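# Topology and contacts: notes
One letter stands for each residue in the lines below.
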Amino acid sequence: MKNFATILVAVDFSDSSDNAFQMALSMAEKFGSHLVVLHVINEPIDLRGFYVPHISYEKLEEEIAEGAEKMMESFSRQHIVGFSDYETMIVPGLPHEQILQQAEDKGAELIVMGTHGRSGLDHVLFGSTAEKVVRKSKLPVLTVRLEEDA
Ligand code: AMP
């Protein structure tokens, strides 16, 4: 049985991932884990330097990164009270690839994420990021479903 020394929680700032985050935080508190809070800037790789001139694309990228930093700061202020053993990470890329990569790089023993994200689609069992991570991860993945009020 692992002690979950490091838990990676993937957040996309949706209600579903907020809910998953609460679960990750409770577990980190219980197990005394280090918590890695990861947000991936979903990079539109195909658009780079094609539809938008390079210079304005870079400016856009900079503004997106600043916006993501602000969202993460406000997320941490709002959701993390009285717990200090955590770090936040913002990386560009494909969410499922980065979740798997960063979990490995950080030596995480558990990945926590929502079953759904910002795209909603409640009729499917898993969103596409959740599905890909569950399918490809060598680590245990805890997916948390947000129960909406009926
Ligand atoms: P999805 O599969 O996209 O509906 O999202 C399911 C879960 O994957 C969300 O609740 C988050 O925990 C995680 N997730 C989705 N997109 C991202 C992202 N860009 N960065 C970090 N986590 C994400």
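Structure: see above.
Position numbers for residues start from 1 in each chain and track the written sequence from start to end. Only residues with pLDDT of at least 70 are given local features in this predicted model, and only at 80 or more are side-chain atom pairs given and counted; all residues enter the totals for whole chains, interfaces and linings. In computing side-chain values, all of the structure's heavy atoms are included and hydrogens and water are not.

## As for the sheet that holds strand S1 (residues 6-10)
Heads up, the rule is: Here, a strand pair is defined by DSSP locating no fewer than two bridges between the strands. The way it works is that DSSP assigns letters per residue, a run of H or I at least four long becomes a helix, a run of E at least two long becomes a strand, and they are numbered from the N terminus. Axes, fitted as lines to C-alpha atoms, cover a helix only where it is in contact. Angles between the N-to-C directions of the axes lie from 0 to 180 degrees. Residues are treated as being in contact if the distance between any of their heavy atoms lies within 4.5 Å.
Strand order in the open sheet made by the five strands is S3-S2-S1-S4-S5, with parallel pairing throughout. Across the chains shown, the open sheet's two edge strands, defined by having one partner strand only, are strand S3 (86-93) and strand S5 (141-144). The average angle at which neighbouring strand axes cross in this sheet is 25 degrees, direction not considered. Here three bridges tie S1 to strand S4 (residues 110-114), and the two strands are oriented parallel to one another. For valine 9, the partnering residue across the bridge sits in S4 and is valine 112. Along the sheet, helix H1 (residues 15-31) contacts S1, strand S2 (34-42), S4 and S5; its crossing angle with S1, the most-contacted strand, is approximately 170 degrees. Strand contacts of helix H3 (residues 95-105): S1, S2, S3 and S4, with the helix running at about 150 degrees to S2, the strand carrying the most contacts.

## Some details on the nonpolar core
Note the following rule: Think of a nonpolar core as a cluster: buried Ala, Val, Leu, Ile, Met, Phe, Trp, Tyr and Cys residues, connected wherever their side-chain atoms sit within 4.5 Å. The classification of residues rests on relative accessible area computed with a 1.4 Å probe and restricted to protein chains. Under 20% of the type maximum is buried, over 50% is exposed, and intermediate values are partly exposed.
If you look at the biggest cluster of nonpolar residues, it comprises 20 residues, and the most contacted ones within it are Ile7, Val9, Val11, Phe21, Leu35, Val37 and Val112. Here the element with the most residues in this core is H1; it accounts for six residues. Not counting residues up to four positions away in its chain, the partners in contact with valine 112 are Ile7, Leu8, Val9, Ala10, Ala20, Ala24, Leu142 and Val144.

## Structural notes on the site of the ligand
As a reminder, the rule being used: Note on terminology: near, applied to a residue and a molecule or strand, indicates that one of the residue's heavy atoms is within 4 Å of it. Under this definition, polar contacts are N or O atom pairs within 3.5 Å; protein pairs additionally need one hydrogen-donor-capable and one acceptor-capable atom, and for neighbouring residues in sequence, both atoms have to be side-chain atoms. Residues are said to line a cavity or pocket when one of their atoms sits within 4 Å of a point; the points come from a 1 Å grid over protein atoms alone, cavities being sets where a 1.4 Å probe fits but cannot get out and pockets being open sets with protein on both sides within 12 Å along at least five of seven lines. To decide whether a molecule occupies a pocket or cavity, check its atoms: if more than half lie within 2 Å of the grid points, it is inside. Polarity classes work like this: nonpolar for Ala, Val, Leu, Ile, Met, Phe, Trp, Tyr, Cys and Pro, charged for Asp, Glu, Lys and Arg, and polar for all others, with Gly in that last group.
Neighbouring residues of the ligand: 19 residues in total, closest Ala10, Val40, His116, Gly117 and Thr129. Measuring from an oxygen atom of the ligand, one finds a backbone N or O atom of histidine 116 at 2.6 Å. According to the grid-proximity analysis, the pocket containing the ligand is the largest pocket. Counting only elements with at least two residues in the shell around the ligand, the list comes to H1, S2, H3, S4 and helix H4 (128-136). The residue makeup of the shell around the ligand, split by class, is eight nonpolar, 10 polar and one charged.

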